[in-house]
Amino acid sequence: MYKGTSASAGIGIGKAAIVEDVQLVITKETVSDTASEIARFKAALEQSIEDTRMLAADLATRVGEKEAEILNGHLMLLSDPMLTGEIENSITKDGVNSEYAIEQVCNTYADMFASMGDELMQQRATDMRDIKTRMQKVLMGVASVDIASLPAGTVLVAKDLTPSMTAGINPANVTGIVTELGGRTSHSAILARALEIPAVVAVNDFLSHVKNGDEIVLDGSDGCVYVNPEPAVKEEYGKKRDAFLQEKKDLEQYIGKPTVTKDGVHVELVANIGKPEDVDKVLQYDGEGIGLFRTEFLFMDRTAMPTEEEQFEAYKKVAVAMNGKPVIIRTLDIGGDKEIPYMGLEKDENPFLGYRAIRFCLDRKEDVYKPQLRALLRASAYGNIKIMVPLVTCIDELREAKALIEEIKKELDEAGIAYKKDIQVGIMVETAAASLIADIFAKEADFFSIGTNDLTQYTMSVDRGNDKVSYLYSPLNPAVLRSIKHIIACGREAGIMVGMCGEAASDPLMIPLLLAFGLNEFSMSASAILKSRKLITGYSTKELQAVADKAMSFATEKEVAQFMREFVGQ
Ligand code: PEP
Ligand code: MG
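Residues numbered from 1 in each chain as written. Chains lettered and ligands numbered in written order. Predicted model: local features only at pLDDT ≥ 70, side-chain atom pairs only at ≥ 80, totals over all residues. Heavy atoms only, no water.

Draft legend 1. Examining the overall build of the chain more closely. Along the chain, the regular secondary structure elements total 22 helices and 16 strands. In summary, the chain has a C-alpha radius of gyration of 26 Å against a globular reference of 25 Å for 570 residues, a match within 12%. Referenced to the eigenvectors of the C-alpha coordinate spread, the extents of the chain come out at roughly 80 × 70 × 45 Å. Buried residues in the chain amount to 53% of all 570 residues. Counted over contacts in the chain with a minimum sequence separation of 6, partners at least 24 positions apart contribute 68%. Taken as a whole, the chain presents about 25000 Å² of accessible surface, with 52% of it coming from carbon and sulfur. For the chain, the centre of its 63 positive side-chain charges and the centre of its 86 negative side-chain charges are spaced 4 Å apart. (Helix = DSSP H or I, 4+ residues; strand = E, 2+ residues; numbered from the N terminus. Rg over C-alpha atoms; globule rule 2.2 N^0.38 Å. Buried < 20%, exposed > 50% of the residue type's maximum accessible area, 1.4 Å probe, protein only. Contact = heavy atoms within 4.5 Å. Areas by Shrake-Rupley, 256 points an atom, 1.4 Å probe, with all protein chains shown as cover. Lys, Arg positive; Asp, Glu negative; His and termini not counted. Charge placed at Lys NZ, Arg CZ, Asp CG, Glu CD.)

Structure below.
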């Protein structure tokens, strides 16, 4: 058995097809007629742009606009005058062939991105190598692997899947994907999830253990991969696959149903999104609104800040698509684990405790925060937008943000620009400080949304991304549970809505407790909505009180988890 990172849920069983991208041999050649070499490069560039455009259009119609965006990112790189200018420069100055000039220039950029360490930059490095090979193949007349014509029941095995390779996949024929490289948030993983193909990535040295035609079984939910497994293993996974598909199908009956407990308590079941295109999945899975729009994603994967106008369009698009349903938009939450190179942030000694989120925004009012708030207010004329402030620790931060919003409202009034006059301004409760003074915040915030991803981190003093201490990272710790219960009680006491947008909101072990505490709104990834609706509608909040009391009586996380597992029957 091999172990990798689970990238897309589900069980894949089929025959391995190893997709090896041809290794291009790039040699340095001296050219004397640099003008005609430049013309040759330009023609190849044009062809590459055309090919990418066609792939993007095909992907947009077959899969979705969001997925096509990855290839649109490639188009941006191919059309970047700085990049192409450097290649032309190298041809002229060094008198070398196009293939070699492309190799040198693109590798310099790819290596630079790769050395930056974070996952987003790794992805940019992959993108850069992808367009490099595409241009070189055109120049050398090498055809690409034809993924589109793989036979049915294929498990695709590759070192890494470039977005342009993944784009050609036909989900009817590909039952699974295994790669040696990549991470959960790499573009190929995102595409696999969008295509709903089970996938495991980052399986170390996998290619040296598998050959074409081998029988592969993979579990995209726990990252296990088997090569030519025993019949018993295959049978077990066959059953697991059937159960997975059956569950998915069964959940469809919850589309259009209200989210109400057996004793008549209505809660809101809403979604977390990162880009306007994510709304498609929210509607598909019947989300009742947006509980968290992580706006920092609009700022990532680009070389300059999105303008007020671009942001306005993005927020408006979501508000309009959700058609009057609540849309909670969180103001920029960067810093910590989310870096944006062009913002010019210095590396903090302690990034999670440093210059990030609202702290950064209040320090960069003119160039960052005001344009975002203006865009949000303008978009609020088109739907039910609410503004959410992240990482607050003291009331002054909320007051300062609200004062700024009032100032912008006046400006908009003077300019005769429409906005939602009574727009709500709430906070993420995700720090220990905000939790401790939740009663004070509840008087001035219009709503709470509990961010358990950070609340757990800050309550337990445990880095949310550090494997060595991950045993401490659980919302079922008595300390975190007490904090959550307290926050909900303070919000309810003041009569404001209390939601949760951290991962705990869709955790089957947490849902009964959250219902018992009186949580009003559960926000999660779109694909978790129907399962959560099924769970919520099966409970009675009255009956859950005793369960919550018992859970709160334990001294350790292990005991709470054990008790909750027994209660939900896991
Ligand atoms: C959280 O902290 O729980 C949260 C929802 O925000 P993020 O994961 O973006 O920090
Ligand atoms: Mg957070």
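Draft legend 2. Up close: the coordination of the magnesium ion (ligand 2). Coordination of the magnesium ion (ligand 2) by the protein is provided by Glu430 (OE) and Asp454 (OD), with metal-donor distances spanning 2.1 to 2.2 Å. Residue glutamate 430 is located in the loop between strand E13 (425-429) and helix H15 (432-436), and its partner aspartate 454 is located in helix H17 (residues 452-460); the two are separated by 24 residues in the primary sequence. (Donors = N, O, S within 2.8 Å, 3.2 Å for Na, K, Ca; no water.)

Draft legend 3. Structural detail: the sheet that holds strand E9 (residues 268-273). In space, the eight strands of this closed barrel follow the order E9-E10-E11-E12-E13-E14-E15-E16, with parallel pairing throughout. For this sheet the average axis-to-axis angle between neighbouring strands, irrespective of direction, equals 25 degrees. (Pairing = 2+ DSSP bridges. Axes fitted to C-alpha atoms, helices over the stretch in contact; angles between N-to-C directions.)

Draft legend 4. A look at helix H18 (residues 478-494). Relative to the 24 Å expected for 17 residues at 1.5 Å per residue, H18 spans 24 Å between its end C-alpha atoms, a close match to the ideal helical length. Looking at H18, one finds that the buried residues are Pro478, Val480, Leu481, Ser483, Ile484, Ile487, Ile488, Cys490 and Gly491. Positioned one or two residues after H18, glycine 495 has a phi angle of 80 degrees, which is positive. (Expected span 1.5 Å × (residues − 1).)

Draft legend 5. How the structure looks around the site of ligand 1. Near ligand 1 you find 13 residues, and of these Arg294, Arg330, Gly451, Asn453 and Arg464 are the closest. Separating an oxygen atom of ligand 1 from a backbone N or O atom of glycine 451 is a distance of 3.3 Å. Residue threonine 452 places a main-chain N or O atom 3.1 Å away from an oxygen atom belonging to ligand 1. Protein coverage of the free-state accessible area of ligand 1, which is 290 Å², stands at 99%. Looking at the shell around ligand 1, the elements with two or more residues in it are strand E10 (290-294) and H17. Ranked by the residues each element gives to the shell around ligand 1, the list is headed by H17, at three residues. Looking at the shell around ligand 1 residue by residue, the classes come out as three nonpolar, four polar and six charged. (Near = heavy atom within 4 Å. Polar contact = N/O pair within 3.5 Å; in protein donor to acceptor, adjacent residues only side chain to side chain. Nonpolar A, V, L, I, M, F, W, Y, C, P; charged D, E, K, R; others polar.)

Draft legend 6. Here's a closer look at the pairing of E10. Most of E10 is tucked away, with five of its five residues classed as buried. One ladder, built from three bridges, connects E9 with E10; its direction is parallel. Residue pairing for E10: isoleucine 273 is matched across the bridge by phenylalanine 293. As a crossover connection, the stretch from E9 through helix H9 (residues 279-284) into E10 is right-handed. Sheet topology places E10 next to strand E11 (residues 326-330); three bridges connect them, and they run parallel. Bridge pairing in E11 links arginine 294 to arginine 330. (Right-handed = clockwise from strand over helix to strand, strands pointing away.)

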